[in-house]
Amino acid sequence: MSVKIRLTRVGRHGDAIYRIVVADSRAARDGRYIEQIGFYNPSNGEESATINEEAAIKWLKNGATPSDSIRALFNRKGIMAKFAESKKEAK
């Protein structure tokens, strides 16, 4: 089973809001997910995204693959740097 961290769309037509979820890669985009770790409203900008960093790092350590948009969001929030630092400490 391949696990991905990706965006799930919610909100009304023309006013999208996204949940940041951990889901099986075979599940539908807006389908079943394992855990919700945050949300993102693109109309407020990327700095307003709310992410549970501990849960995100936990899932990255367990092998979850972030989507391209999530990887960019994590880079801007500094989560990928914290994950890389935790991998260096583990060695």
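Here, every reference points to the structure presented above.
Below you will find a few notes about this structure. None of the values given here were measured: they were computed from a predicted structure.

**Comments concerning the packing of helix 1 (residues 53-61) against helix 3 (residues 79-90)**
Line of reasoning, step 1. Packing of helix 1 against helix 3 brings their axes to within 10 Å, and their N-to-C directions diverge by 55°. What the angle tells us is that helix 1 and helix 3 run oblique. Of the two elements, helix 1 crosses helix 3, and the hand of that crossing is right-handed. Only I79, M80, K82, F83 and S86 of helix 3 make contact with helix 1, whose side of the interface consists of E53, A56, I57, L60 and K61.
Line of reasoning, step 2. The residue inventory of the contact of helix 1 with helix 3, partitioned by class, reads six nonpolar, one polar and three charged.

**Examining the side chain of N41**
Line of reasoning, step 1. Along the polypeptide, N41 turns up in the loop between strand 3 (35-40) and strand 4 (50-51).
Line of reasoning, step 2. A polar atom in the side chain of N41 sits 2.8 Å from the side chain of S43.
Line of reasoning, step 3. Once you skip the residues sitting within four places of it in the chain, N41 turns out to touch A16, I17 and S48.

The rules behind these values
Residues numbered from 1 in each chain as written. Predicted model: local features only at pLDDT ≥ 70, side-chain atom pairs only at ≥ 80, totals over all residues. Heavy atoms only, no water. Axes fitted to C-alpha atoms, helices over the stretch in contact; angles between N-to-C directions. Helix = DSSP H or I, 4+ residues; strand = E, 2+ residues; numbered from the N terminus. Parallel < 35°, antiparallel > 145°, perpendicular 65-115°, else oblique. Left-handed = near helix turned anticlockwise from the far one by under 90°. Contact = heavy atoms within 4.5 Å. Nonpolar A, V, L, I, M, F, W, Y, C, P; charged D, E, K, R; others polar. Polar contact = N/O pair within 3.5 Å; in protein donor to acceptor, adjacent residues only side chain to side chain.

Keep in mind these values describe shape, not function.
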